[in-house]
Amino acid sequence: MRFTRYTDYSLRVLIHLALHDERLCKIGEISRTYGVSHNHLMKVANALAHDGFIETVRGRSGGMRLARPADRISVGEVVRRTEEGFELAECSGCSLSPACGLTGVLAKGMQAMMNVFDTYSVADLLTDRDAMRRLMTQQPLLRIGLGEERQ
């Protein structure tokens, strides 16, 4: 399985907010940190707020923060909310699918992967807070051009 950029960006926004949990963070700051489109991150942030992962504060001194502690946001929960489908292969159109064991094997593999994700929280992703904060100030971490982004 390969995550969509939407899920990747969602996790990165949550990591950023968890690293800076002492203050409100702005979309522009996260956009510059990762070199990702401001508009794209606005969509991600709106969805994260709608799903209850973050809180937003409007106004000049506004921004966003985690809606609950980072150790109470599981990676599995985020992935389930941000990914649209979990099919590793398109078996429905295959004439062998009624007799093939691949579908079951893939489903068990996906369930095992999600079980692992469920054991980790956003807080678990912050293995070295100081190093992560230093790295965030150096250069854009993703360097993804606008033309390459997709939802």
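Below, the structure is looked at part by part. The model shown is predicted, which means the values in this text are computed figures rather than measured ones. (Residues numbered from 1 in each chain as written. Predicted model: local features only at pLDDT ≥ 70, side-chain atom pairs only at ≥ 80, totals over all residues. Heavy atoms only, no water.)

## Details of the pairing of strand S2 (residues 63–66)
Part 1 of the reasoning: Relative to S2, strand S1 (residues 54–57) runs antiparallel, the two sharing 4 bridges. Residue pairing across strands places Thr-56 opposite Met-64, the latter belonging to S2.
Part 2 of the reasoning: Between the antiparallel neighbours S1 and S2 lie 5 residues, among them Gly-59 with a positive phi of about 105°. (Pairing = 2+ DSSP bridges. Helix = DSSP H or I, 4+ residues; strand = E, 2+ residues; numbered from the N terminus.)

## A word on the environment of Leu-135
Part 1 of the reasoning: Among the structural elements, Leu-135 can be located in helix H6 (residues 129–136).
Part 2 of the reasoning: Classification of Leu-135 by relative accessible area gives partly exposed; the value is 44%.
Part 3 of the reasoning: As for Leu-135 and Tyr-120, which are separated by 15 residues in sequence, their C-alpha atoms are 23 Å apart. (Buried < 20%, exposed > 50% of the residue type's maximum accessible area, 1.4 Å probe, protein only.)

## Re the pattern of salt bridges
Part 1 of the reasoning: Taken as a whole, this structure holds 9 salt bridges when the rule is applied.
Part 2 of the reasoning: The closest approach of N and O atoms between Arg-129 and Asp-21, which form a salt bridge, is 3.8 Å. With Arg-129 in helix H6 and Asp-21 in the loop between helix H1 (5–19) and helix H2 (27–34), the pair connects residues that are 108 residues apart, well separated along the chain.
Part 3 of the reasoning: With a relative accessible area of 30%, Arg-129 lands in the partly exposed category.
Part 4 of the reasoning: Its salt-bridge partner being Glu-22, residue Arg-133 comes within 3.5 Å of it at the nearest N-O pair. With Arg-133 in helix H6 and Glu-22 in the loop between H1 and H2, this residue pair connects regions lying 111 residues apart in the sequence.
Part 5 of the reasoning: Overall, Arg-133 belongs to the partly exposed group, its relative accessible area being 29%.
Part 6 of the reasoning: Since its relative accessible area comes to 54%, Glu-22 is described here as exposed. (Salt bridge = Lys/Arg side-chain N within 4 Å of Asp/Glu carboxyl O.)

## Some words on the packing of H2 against helix H3 (residues 38–50)
Describing two packed helices takes the angle between their axes plus the distance from one axis to the other.
Part 1 of the reasoning: Packing of H2 against H3 brings their axes to within 9 Å, and their N-to-C directions diverge by 120°. Classified by the angle their axes make, H2 and H3 are oblique. Crossing hand, H2 versus H3: right-handed. Touching Ile-27, Gly-28, Ile-30 and Ser-31 of H2 are His-38, Leu-41, Met-42 and Ala-45, all from H3. (Axes fitted to C-alpha atoms, helices over the stretch in contact; angles between N-to-C directions. Parallel < 35°, antiparallel > 145°, perpendicular 65-115°, else oblique. Left-handed = near helix turned anticlockwise from the far one by under 90°. Contact = heavy atoms within 4.5 Å.)

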